[in-house]
Amino acid sequence: MGSGGLELPPGDEGHEGDSTEVPPGTVSLARPMETGSIGPELEWDAEAWREVRTRAQRAGRAYIWLNLVEQRLRAVVAAVLRPIYEPVHGDDWVVAAAGPAGQEWVQRAVAVREVSRRKGYLLDPADDNVLSFLTLPQLRELMVQHWPCFEPYVDDRRDVELVLDELEVTRNVVSRNRALSEAVLGQAERASARLLDALGAGGDVPSARRLPVDAVEDLVGDRYADVVAVHSDRVRLLRQFPAEDLFGGARRLDALGIGLNLLVQNFSGRRLVRLAEAGCRTRLLFLNPASSAVKRRERELGMKRGELSRAVEMNILHMRRVRSRLRDPGAFEIQVYDETPRCTAYLVDGDGSDGIAVVQSYLRRSRGMEAPVLVLRGGSRVVKSGADALADDGGLFATYREEFETAWADSRPVS
């Protein structure tokens, strides 16, 4: 008899008191289900983990851009409006600047600030002000309401408003932890960079005109030295970073490799001529097509005998034709080396602070098109944390530049 006055069903067969008939009035207790079959499946498979990692990576990048934009916009609003309102209204200058039109949202910010104070959420005294609790749309309202004050500093009001409209989509997605598509992320990154530039906070790295400075690169530069991009092969590099973007407008171009296909096959001879006539000095260093190193490389790649040497020779002949069309052939030098090729490197403006480089290591069974690619930025200081803050680290750019100069010194010219 159970505690509720109901008779329990009999036990398993073989136990004392066993009976095949269930007396009337008893309540049947279901047997436990097998372990592992209760409730939904909670495990994530490999595909699910890939999906959540992708979501987190995109949301993280978007958050960094939004954080930079909000901090910059907050600083601009403070710099312009505080001198106007603070002398009269003191610490309540933001409330006064919002005026009757912004009374609702500014009071909400004041209330959130007070709650944060009581609960100990204000970890930095510098954030103990109403301005720190305004969102992007509210900062935008302050700019729009006082546009005559901002007009001397910002060229185009309409452009600023359009950019902030674009960012609002991303801000809502990130704040609610929803999926962010690659297209929307790209749009947000471009919009953020455009707004930062409009507000006078564009990248101060000279090579940003060719390879825009990335927000993540600035914040985690100590993890990757001067490596700003990694691609699994050259096809993916060119998809994101076309040869015109890489070589166009260069004032100096140094290239080391076997056949230099990235330059020869993706950048026309006519463009090279125009580049040289505009003042670009070029040094191209090919592997000697008649050397034993070419034959070894052919065997490594499983190529027919003479196939690679003919391809390199054709590239050299093409570059000689380009050189023959120049008024100053001395500005377009071609040389060959006989040593075992170790890497291919394209250094654009590598002699100054405006340089970028594309480098690949030669793998035994992979052609140059299939080898991983590193994109490097030259002339930049690597940001590190702790005692090594702002340490001047040479990175990899200087290493490959020295490799080129050493190989160039040991090579011989092509007539």
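Shown above is the structure to which this text applies.
Cut-offs used in this document
- Residues numbered from 1 in each chain as written.
- Predicted model: local features only at pLDDT ≥ 70, side-chain atom pairs only at ≥ 80, totals over all residues.
- Heavy atoms only, no water.
- Phe/Tyr/Trp six-rings, centres within 6.5 Å; stacked < 30°, edge-to-face > 60°.
- Helix = DSSP H or I, 4+ residues; strand = E, 2+ residues; numbered from the N terminus.
- Buried < 20%, exposed > 50% of the residue type's maximum accessible area, 1.4 Å probe, protein only.
- Lys NZ or Arg CZ within 6 Å of the ring centre and 35° of its normal.
- Axes fitted to C-alpha atoms, helices over the stretch in contact; angles between N-to-C directions.
- Parallel < 35°, antiparallel > 145°, perpendicular 65-115°, else oblique.
- Left-handed = near helix turned anticlockwise from the far one by under 90°.
- Contact = heavy atoms within 4.5 Å.
- Nonpolar A, V, L, I, M, F, W, Y, C, P; charged D, E, K, R; others polar.
- Salt bridge = Lys/Arg side-chain N within 4 Å of Asp/Glu carboxyl O.
- Core = buried A, V, L, I, M, F, W, Y, C linked by side-chain atoms within 4.5 Å.
- Pairing = 2+ DSSP bridges.

Notes on the packing of aromatic side chains
Inspection of every chain in the model, using the stated rule, returns 4 aromatic pairs. With 5.7 Å between their ring centres and 20° between their planes, Phe404 and Trp408 make a pair best called stacked. Here Phe404 pairs with Trp408, and both are found in helix H16 (residues 397-409), just 4 residues apart, close to one helical turn. A relative accessible area of 1% places Phe404 in the buried class. Taken together, the aromatic side chains of Phe247, Phe267 and Tyr346 make up a single cluster linked through ring pairs. In this structure, Arg283 is placed above the aromatic ring of Trp408, and the distance from its NZ or CZ to the ring centre is 5.4 Å.

Notes on the packing of helix H4 (residues 136-145) against helix H6 (residues 157-175)
Where H4 meets H6, the axes come as close as 10 Å, and the angle between the chain directions of the two elements is 165°. Classified by the angle between their axes, H4 and H6 sit roughly antiparallel to one another. The hand of the H4/H6 crossing is left-handed. Facing H4, whose interface residues are Leu136, Pro137, Arg140 and Val144, H6 presents Arg157, Glu161, Leu164, Asp165, Glu168 and Arg171. Taken together, the residues of the contact of H4 with H6 sort by class into 4 nonpolar, no polar and 6 charged.

With respect to the pattern of salt bridges
A side chain with one charge may pair with a side chain of the opposite charge, provided their charged atoms come close. The full count for this structure, using the stated rule, is 27 salt bridges. Among the salt bridges present, the one from Glu47 reaches Arg50, with a minimum N-O distance of 2.6 Å. Linking Glu47 with Arg50, this pair stays in helix H1 (residues 46-89), spanning 3 residues, or about one helical turn. In this structure Glu47 comes out as partly exposed when scored by relative accessible area, which is 47%. For Arg50, a relative accessible area of 43% corresponds to the partly exposed category. One salt bridge in this structure joins Asp165 and Arg140, with 2.4 Å as the shortest N-O distance.

Looking at the packing of helix H13 (residues 269-277) against helix H15 (residues 307-324)
Running from N to C, H13 and H15 cross one another at 40°; their axes reach a closest spacing of 9 Å. As judged from the angle between their axes, H13 and H15 are oblique. The way H13 lies across H15 gives a crossing that is right-handed. Together, Gly269, Leu272 and Val273 of H13 and His318, Met319 and Val322 of H15 make up the contact between the two elements. Per-class residue counts for the contact of H13 with H15 are 4 nonpolar, 2 polar and no charged.

Describing the nonpolar core
Core analysis: the biggest nonpolar cluster contains 60 residues, and Leu246, Phe247, Leu262, Leu263, Leu284, Phe286 and Met319 have the highest contact counts within it. The next biggest cluster of nonpolar side chains, apart from the first, holds 38 residues, and it includes Val69, Ala109, Leu136 and Ala188.

Thoughts on the sheet that holds strand E8 (residues 412-413)
With mixed pairing, 8 strands are arranged side by side in an open sheet as E1-E7-E6-E5-E2-E3-E4-E8. Each edge of the open sheet carries a strand with a single partner, namely strand E1 (227-231) and E8. As paired strands, strand E4 (residues 332-337) and E8 are joined by 2 bridges and run antiparallel to one another. From the neighbouring strand, Val336 faces E8, where its bridge partner is Arg412. Against the sheet, H15 engages strand E3 (281-287) and E4, with an angle of about 160° to E4.

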